[in-house]
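Close look at the chain arrangement
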Amino acid sequence: MRRIGVLENLASDEQRPPRIGAFVQGLQQSGWVVGRDLRLDDRSAAGNPDDLRKFAAEFAALSPDAILAVTSPAVGALLSATHNVPVVFVQVIDPVGAGFVNSLAHPGGNATGFMLFEFSLSGKWLELLKEMAPGISRVAVVRDPAIAAGTGQFGAIQAVASSFGVELTPVDVRDPAEIERGISAFARGPSGGLIVTASPLAVVHHDLIVSLAGRYRLPAVYFARLFATANGLISYGADVADQYRGAAGYVDRILRGEKPEDLPVQVPTKFELVINLKSAKALGLTIPPPALLGRADEVIE
């Protein structure tokens, strides 16, 4: 029986079971059955860096045949713990900038996988926000400044902000008190909106962020479906379940003898737009333009 590790850094959410299910299904389609051919060892740090390092050390000692790493902090912890165990990652934004791989085409080490998106997508969030709420002129960008992706996403939004006629304000996401202070201070001004960029801490604190957006009546765009289903206004991001299926394909190839250094990092090709009409009504927004609704993959009424 082959052994596969799963190391996550996300808080539990309703989307986790179908994502892990997509990974297991992908393995089955390649001929591997969990419990028969494979043993799956699952660990989740839920945003706790100490637990993340502990679990990474455990996996390094166990030396499984491959590890599925979810989010950049999980990948970083694993690559600090082992240079030998193959790591296949998902939900990672900038693997080259983070030093996980030498290049997308030629990873060159013991890690490869699937990017969550390219930074250019961040500008799309601002475009969607203006479509949903044309009157906004100020936008708070919730980001994690401690990770390279936080700076990269903010920079991509900043590059297009003038073309949409908006002024940006960064709001850090390191702890609940900081999030509440930043959004509350921003909300004192008029014509405001919110963009929540991708980070593990944003997922950990997603309920707080969505509730603050509702409390201060701030139209908001989020990077993941999780926020829209938790009463957030609109989300746009990669189809993450599709990445988990792709990761299963890479694990299959590794189990059959290929090396991570020879498997190129993949960029997403499937994206999903989710609009929450209940949230729009609560914020006092008009019905979204038909063209925007027509592009939506899911509309929550």
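First, a word on what this report is: a plain description of the structure on this page. Note that this is a predicted model, so its numbers are computed, not measured.

On to helix 3 (residues 72-81), then. By the burial criterion, the buried members of helix 3 are A74, V75, A77, L78 and L79. Buried residues in helix 3 make contact with strand 1 (2-8), helix 2 (49-62), strand 3 (66-70), strand 4 (87-92) and strand 5 (111-115).

Let us now look at the pairing of strand 8 (residues 192-196). For strand 8, the tally of buried residues reaches five of five residues, placing the bulk of the element in the interior. The two faces of strand 8 match: G192, L194 and V196 on one face and G193 and I195 on the other face are all buried. In terms of strand pairing, strand 8 meets strand 9 (residues 220-222) through three bridges, oriented parallel. Counted as the bridge partner of I195 is V221 from strand 9.

According to the stated counting rule, one finds 17 salt bridges in the structure shown. Note that D41 is salt-bridged to R39, the shortest N-O span being 3.0 Å. Classification of R39 by relative accessible area gives partly exposed; the value is 43%. As a salt-bridge pair, E58 and R43 come within 3.2 Å of each other at their nearest N and O atoms. Taken as a pair, E58 in helix 2 and R43 in strand 2 (residues 38-44) lie far apart in primary sequence, 15 residues in all.

Across a sheet, strands are paired by hydrogen bonds formed along the backbone, either parallel or antiparallel in direction. On the basis of which strands lie adjacent, the open sheet formed by seven strands has the order 7-6-8-9-10-11-12 and mixed pairing. Bordering the open sheet on either side are strand 7 (167-172) and strand 12 (298-300), each of which pairs with just one other strand. With direction set aside, neighbouring strand axes in the sheet form an average angle of 20 degrees. Set on the sheet, helix 5 (residues 148-161) makes contact with strand 6 (138-143), strand 7 and strand 8; between it and strand 7 the angle comes to about 165 degrees.

The next point concerns the packing of aromatic side chains. Using the criterion set out here, one finds five aromatic pairs in the structure. Here the aromatic rings of F114 and Y250 are separated by 5.1 Å at their centres, their planes lie at 50 degrees, and the arrangement is tilted. Separated by 136 residues along the polypeptide, F114 in strand 5 and Y250 in helix 10 (residues 240-255) bring together distant segments of the chain. Y250 carries the same exposure label as F114, and that label is buried. The ring of F186 has R138 lying over it, and the distance from NZ or CZ to the ring centre is 4.1 Å. When the ring centre of F154 is taken as reference, the NZ or CZ atom of R143 above it lies at 5.2 Å.

Attention shifts here to the packing of helix 6 (residues 176-186) against helix 8 (residues 206-215). Packed helices, taken two at a time, are described by the angle their axes make and the gap between the axes. Interaxial distance between helix 6 and helix 8 falls to 11 Å at its minimum, and their mutual angle equals 20 degrees. As far as their axial angle goes, helix 8 and helix 6 are roughly parallel. You can see that helix 6 and helix 8 cross each other, and the crossing is right-handed. Only L208, I209, L212 and R215 of helix 8 make contact with helix 6, whose side of the interface consists of P176, I179, E180 and I183. Here the residues of the contact of helix 6 with helix 8 are counted per class, giving six nonpolar, no polar and two charged.

Another point: the sheet that holds strand 4. The sheet built from five strands is open, its strands ordered 2-1-3-4-5 with parallel pairing. Edge strands, defined here as strands with exactly one partner in the open sheet, are strand 2 and strand 5. Strand-to-strand twist of the sheet, defined as the mean angle between neighbouring strand axes without regard to direction, takes the value 15 degrees. Strand direction decides the pairing type here: strand 4 and strand 5, joined by four bridges, are parallel. Counterpart to V87 in the pairing with strand 5 is A111. Where helix 2 meets the sheet, it contacts strand 1, strand 2 and strand 3, and its direction lies at approximately 170 degrees from that of strand 1.

Relative to the assigned elements, V90 resides in strand 4. Not counting residues up to four positions away in its chain, the partners in contact with V90 are L68, A69, V70, T71, F114, Q243, Y244 and A247.

Running from N to C, helix 2 and helix 3 cross one another at 45 degrees; their axes reach a closest spacing of 8 Å. Between helix 2 and helix 3, the angle is such that the two are oblique. Relative to helix 3, helix 2 is oriented so that their crossing is right-handed. Between helix 2, through L52, A56, A57, F59 and A60, and helix 3, the contact on the second element is made entirely by P73, A74, A77, L78 and A81. Among the residues making up the contact of helix 2 with helix 3, the classes are represented as 10 nonpolar, no polar and no charged.

On to unusual backbone geometry, then. Positive phi is not limited to glycine here, since Q91 has a value of about 60 degrees. Positionally, Q91 belongs in strand 4.

Here is what the cut-offs are and how they apply
Residues numbered from 1 in each chain as written. Predicted model: local features only at pLDDT ≥ 70, side-chain atom pairs only at ≥ 80, totals over all residues. Heavy atoms only, no water. Buried < 20%, exposed > 50% of the residue type's maximum accessible area, 1.4 Å probe, protein only. Helix = DSSP H or I, 4+ residues; strand = E, 2+ residues; numbered from the N terminus. Contact = heavy atoms within 4.5 Å. Pairing = 2+ DSSP bridges. Salt bridge = Lys/Arg side-chain N within 4 Å of Asp/Glu carboxyl O. Axes fitted to C-alpha atoms, helices over the stretch in contact; angles between N-to-C directions. Phe/Tyr/Trp six-rings, centres within 6.5 Å; stacked < 30°, edge-to-face > 60°. Lys NZ or Arg CZ within 6 Å of the ring centre and 35° of its normal. Parallel < 35°, antiparallel > 145°, perpendicular 65-115°, else oblique. Left-handed = near helix turned anticlockwise from the far one by under 90°. Nonpolar A, V, L, I, M, F, W, Y, C, P; charged D, E, K, R; others polar.

Spatial relationships are all this shows, so hold off on functional conclusions.
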